[in-house]
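What follows is each chain in one-letter form.
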Amino acid sequence: MKTQNKTIEEFTSQEYQYGFVTDIEQDTIPPGLDENVIRFISHKKNEPEWLLNWRLKAFKHWQRMDEPKWAKVDYPKIDYQSISYYSAPKDKSDGPKSLDEVDPELIDTYNKLGIPLEEQKMLSGVAVDAVFDSVSIATTFKKDLEKAGVIFCSFSEAVQDHPALVKKYLGSVVPYTDNYFAALNSAVFSDGSFVYIPKGVRCPMELSTYFRINAMNTGQFERTLIIADDQSHVSYLEGCTAPMRDENQLHAAVVELIANKDAEIKYSTVQNWYPGDPKTGKGGIYNFVTKRGICSGSNSKISWTQVETGSAVTWKYPSCILKGDNSIGEFYSVAVANNFQQADTGTKMIHIGKNTNSTIISKGISAGKGQNTYRGEVKVMKNADKARNYSQCDSILIGSECGAHTFPYIDVRNSSAQMEHEASTSNIGEDQLFYCNQRGISIENAVSLIVNGFCKEVFRELPMEFAVEAQKLMEVSLEGSVG
Amino acid sequence: MLEIKNLKVRIQGKEILKGVNLNVNNGEIHAIMGRNGSGKSTLANVIAGRDSYEVIGGDILYNNKSIIEDTPENRALEGIFMSFQYPVIIPGVNNTYFLKAALNAKRKHQGKDELDAVEFLDLIRKNLQIVGMEEKYLHRGVNDGFSGGEKKRNEILQMITLEPNLAILDETDSGLDIDALKIVAEGVNKYRRDDRAIVIITHYQRILRYLEANHVHVLIDGKIAKSGGEELAEALEEKGYGWLDS
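Predicted model, so just to flag it, every value in this text is computed and none were measured.

Draft legend 1. Structural detail: the sheet that holds strand 3 (residues 29-33) of chain B. Residue and element names in this part refer to chain B. With mixed pairing, the six strands of this open sheet are ordered in space as 6-9-10-3-11-12. Bordering the open sheet on either side are strand 6 (80-83) and strand 12 (223-228), each of which pairs with just one other strand. Ignoring strand direction, the axes of neighbouring strands in this sheet form an average angle of 20°. Note that strand 9 (residues 166-170) and strand 10 (residues 197-202) share five bridges and pair parallel. Considered in strand 10, the bridge of Leu 169 is made with Ile 200. Across the face of the sheet, helix 5 (residues 148-162) comes into contact with strand 6 and strand 9 while running at roughly 165° to strand 6.

Here it is in structure tokens:
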């Protein structure tokens, strides 16, 4: 422990002497996790005492927990001591005020990923809070949002500028005791996004964050908190892509959504982390994410839409707690497992309030040796009179070596509840492909046509520019899966 | 246009076509008749390039070039169309979208501009009338929830939209009532042109009442046993296939 501590000290003092000889200077602590690392992170971020204590409590809890084993995924044991828990672009204190001040190499990286900030600013009207490794480096459209009273900033900034809101809501939907990865995240989270929409405000634009992993051996522990106050409305887009990498990387994010009375939150994700080497499965991202929203007020609504095409292993269940009467929860999902990918994803809908309504549309696509699992729970509590749920879980198989699995759990404690569940499994058949080919449509286009037709119900829930991106991603992800 | 030379085809190890010869010229309609299992559908599928059929001898020339090694989509783009005996259902893929993708793939291949949504809709509305289909069929999944007759009409709709040079109609007339048969035949007649050819594969002589076939061939046990004019079809209707067995 002492050695570890010393290393950190050496490391931090070193920074001033030499900096680092990577293309973009980073300030990274050596691998390993103990209380000192957590104190280091908290100190680095100039956090208040209560937050440090919260992190430490989470860490203590995490140490007593075991990694979950119930998911239908298989991966080598993670050595949590081999992960570095902090990495940030240098000179954060006098960070860039505008895009011009951002390291051109960084801008170049974003461009390669197809995220031209300048163009996006002009063309799409999307405010982009870009996360490079762990710290936000560029935020656009801040002024327009400020005018509307919307707070959209990095999590670290929110801790400094809006501590009361953070303190009130952090961990209120996903407590640090919730699960292994949420506890880990709570202890070591680096940064993320914070959104607050005041009463009666309709957020004037779609909010978007792009995540990206850059540094070797650096786990990403994002923390996102979105609060929609009474009668407000917000649509939040999240997309990520990661570069080629040879070692598995852990990504354990936590997202918490709070929708007050009559408020609506729409959260869309297009996830394209590196899935691993297509021939061996080596090197992909582990995406172990806890996403949960609470419809705390009556007539509120939370809608999750996800398109999961990347990652070697996905473990993710965006859920809704329907506490307010007449509140609505929705989950629309497309998950792809190609080559050696494994996806275990689904949702939980917890009906607490009266007349609560939930919809689950899950589309699983398996190809190559991919294993795709839908796991969902619909729970209707004793007082949730006239709760309704509609679930539809469809799977499509491409080839004969992949698998599709469905585990729907239903727990109803109120006899007035109405539950509907539909499920289907189909193949992309040789006859369908031949039919398309005979009409002049190539194999690749035929697969894309069929898969996009299959995913249509989910894609149409996505904001326009994301829908297009999602279709492209689908084509790339399934490239070469047939023929 | 189409020249089939001593074509031998195997499927799952079993020889189905045992040396078929056939010449189809521009402007002609050929009818290929025969009992179940005589190899009629195999012939259609092999011309279209389905890869579960193994060509073990002979050749297929289309516009004087061998197409044996060509992919199915390339044959289609070059103008070969097959109306399926059992049109395939593709749920979730909008019928209009499918047709548009097919037509634009072909236009692209020909170096033409793709049709935009408005131009395409104009064309498709005109063609819908020819085959007597309502517009609602455009918005369904490809052949999804279509009756047998609707599926066959949809095939003809695709044919007249894609304007192939060679159309192979694999039992397009089976399962149609007399009204639907007339409509299908009318669609085929409208498609007919001096620079196009049609091969009709059928069990029955009745569709030939509405289409004037120049040539009628009888396929028996993987070989063309007899060729003739329309009178051959009439003779078959009257006497069956028995008199041709030797």
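Draft legend 2. Fine view of the interface of chain B and chain A. With 19 residues of chain B in contact, the opposing surface of chain A contributes 16 residues. Elements with a minimum of two residues in the side of chain B that touches chain A: helix 2 (72-77), strand 7 (90-94) and helix 3 (95-109) of chain B. For the side of chain B that touches chain A, the element with the most residues is helix 3 of chain B, which contributes five residues. Of the residues that constitute the side of chain B that touches chain A, the class distribution is 13 nonpolar, three polar and three charged.

Draft legend 3. Here's a closer look at the nonpolar core. Among the nonpolar cores identified, the biggest contains 188 residues, and Val195(A), Ile168(B) and Ile200(B) are the most heavily contacted of them. In terms of residue count, the dominant contributor to this core is helix 11 (residues 443-459) of chain A (nine residues). Those residues within four positions of Val195(A) in sequence are excluded, and the remaining contacts are Ile151(A), Phe152(A), Leu207(A), Ile226(A), Ile227(A), Val234(A) and Tyr236(A).

Draft legend 4. Representation of the packing of helix 2 (residues 35-44) of chain A against helix 3 (residues 49-63) of chain A in the model. All names here are of chain A. For the pair helix 2 and helix 3, the least separation of the axes is 10 Å and the interaxial angle reads 150°. When the interaxial angle is binned, helix 2 and helix 3 end up roughly antiparallel. Every pair of crossing elements has a handedness; the one defined by helix 2 and helix 3 is right-handed. Here helix 2 contributes Glu 35, Ile 38, Arg 39 and Ser 42 to the contact with helix 3, which in turn contributes Leu 51, Leu 52, Arg 55, Leu 56 and Phe 59. Here the residues of the contact of helix 2 with helix 3 sort into five nonpolar, one polar and three charged.

Draft legend 5. Up close: helix 9 (residues 180-188) of chain A. Residues and elements named next belong to chain A. The element helix 9 is extensively covered by neighbouring structure, given that eight of its nine residues are classed as buried. Taken as a whole, helix 9 has its buried residues at Phe 181, Ala 182, Ala 183, Leu 184, Asn 185, Ser 186, Ala 187 and Val 188. Where helix 9 is buried, its residues contact helix 2, helix 3, strand 8 (223-228), strand 11 (254-259) and strand 13 (285-295).

Draft legend 6. How the structure looks around the pairing of strand 20 (residues 371-380) of chain A. Residues and elements named next belong to chain A. By the criterion of burial, strand 20 is predominantly enclosed, with eight of the ten residues buried. With ten bridges joining them, strand 18 (residues 342-351) and strand 20 adopt parallel strand pairing. What sits directly across from Met 349, in strand 20, is Val 378. Judged from the ten bridges that link them, strand 20 and strand 22 (residues 403-412) form a sheet pairing that is parallel. Paired with Arg 375 across the strands is Phe 407, a residue of strand 22.

Rules used throughout
Residues numbered from 1 in each chain as written. Chains lettered and ligands numbered in written order. Predicted model: local features only at pLDDT ≥ 70, side-chain atom pairs only at ≥ 80, totals over all residues. Pairing = 2+ DSSP bridges. Helix = DSSP H or I, 4+ residues; strand = E, 2+ residues; numbered from the N terminus. Axes fitted to C-alpha atoms, helices over the stretch in contact; angles between N-to-C directions. Contact = placed C-beta atoms within 7 Å. Nonpolar A, V, L, I, M, F, W, Y, C, P; charged D, E, K, R; others polar. Core = buried A, V, L, I, M, F, W, Y, C linked by C-beta atoms within 7 Å. Buried ≥ 20, exposed ≤ 12 C-beta atoms within 10 Å, placed from the backbone. Parallel < 35°, antiparallel > 145°, perpendicular 65-115°, else oblique. Left-handed = near helix turned anticlockwise from the far one by under 90°.

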